[in-house]
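Chain residues, written in single-letter form:
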Amino acid sequence: MSVIFVRQGVRLDSEICHPGLNLLGHAQMIELGLGSECGGHGKCGRDRVLLEASELDQVSAPTAIERAHLKPEELKAGYRLACQCFPNAEGLSLSVKVLAPPADSAIPRP
Ligand code: FES
């Protein structure tokens, strides 16, 4: 059981699922970039992923940071920020769709 990322139809298996590691960390373990610009500090909002609705009870509840970056209907549909979302237990099987980062960015560019 592990976190499996799906990017453009390709499945990338992190080969672990650990509650102490957020989804961004699982992706980083297999060198999969999720568009993070803030290093996982919840500032950029660019590491959006989509979970199956049936998996939402297997991950941590949305944080205030996620509620600031995502609309309520997006959260309900399964959109999350990978740096804020943790599996609830070890050994779960999660399928996480990798999305293109939003065009805008919360971090000002020079
Ligand atoms: S990595 Fe920037 S908000 Fe998650």
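Coordinates for the structure precede this section.
Cut-off values and rules
Residues numbered from 1 in each chain as written. Predicted model: local features only at pLDDT ≥ 70, side-chain atom pairs only at ≥ 80, totals over all residues. Pairing = 2+ DSSP bridges. Helix = DSSP H or I, 4+ residues; strand = E, 2+ residues; numbered from the N terminus. Axes fitted to C-alpha atoms, helices over the stretch in contact; angles between N-to-C directions. Core = buried A, V, L, I, M, F, W, Y, C linked by C-beta atoms within 7 Å. Buried ≥ 20, exposed ≤ 12 C-beta atoms within 10 Å, placed from the backbone. Contact = placed C-beta atoms within 7 Å.

1. Side note on the sheet that holds strand 1 (residues 3–7)
Next up, step 1: Spatially, five strands are ordered 2-1-5-3-4 in an open sheet, and the strand pairing comes out mixed. Each end of this open sheet is capped by a strand with a single partner; those strands are strand 2 (10–13) and strand 4 (79–81). Shown here is a sheet whose adjacent strand axes are inclined to one another by a mean of 35°, direction ignored.
Next up, step 2: The pairing of strand 3 (residues 48–51) with strand 4 spans three bridges and is antiparallel. Pairing of leucine 50 across the sheet is with tyrosine 79, part of strand 4.

2. Concerning the nonpolar core
Nonpolar side chains tend to gather and get buried jointly when the protein is soluble and globular.
Next up, step 1: Among the nonpolar cores identified, the biggest contains 16 residues, and Leu23, Ala82 and Val96 are the most heavily contacted of them.
Next up, step 2: Going through the elements one at a time, strand 1, helix 1 (23–29) and strand 5 (94–98) are the ones with two or more residues in this core.
Next up, step 3: Ignoring any residue separated from it by four or fewer positions in sequence, one finds alanine 82 in contact with Asn22, Leu23, Leu24, Ala27, Leu34, Asp47 and Val49.

3. Structural notes on the environment of histidine 18
Next up, step 1: You can see histidine 18 is positioned in the loop between strand 2 and helix 1.
Next up, step 2: Separated by 13 residues in the primary sequence, histidine 18 and phenylalanine 5 have C-alpha atoms spaced 15 Å apart.
Next up, step 3: Dropping the residues within four chain positions of it, histidine 18 is found in contact with Pro87 and Glu90.

4. A short note on the pairing of strand 5
Next up, step 1: Here strand 5 shows a clear split, with Leu94, Val96 and Val98 buried on one side and none of Ser95 and Lys97 buried on the other.
Next up, step 2: Both strand 1 and strand 5 contribute to a ladder of four bridges, which runs parallel. By the bridge assignment for strand 5, isoleucine 4 is matched with serine 95.
Next up, step 3: As judged from the three bridges shared by strand 3 and strand 5, these two strands associate in the antiparallel manner.

5. Overview of the environment of cysteine 38
Next up, step 1: Position of cysteine 38 among the secondary structure elements: in the loop between helix 1 and strand 3.
Next up, step 2: In the structure, cysteine 38 is positioned 49 residues away from proline 87 in sequence and 21 Å away in space, judged by C-alpha atoms.

6. As for unusual backbone geometry
Next up, step 1: A positive phi is found at glutamine 8, a non-glycine position, where the angle reads about 50°.
Next up, step 2: With respect to the secondary-structure elements, glutamine 8 resides in the loop between strand 1 and strand 2.

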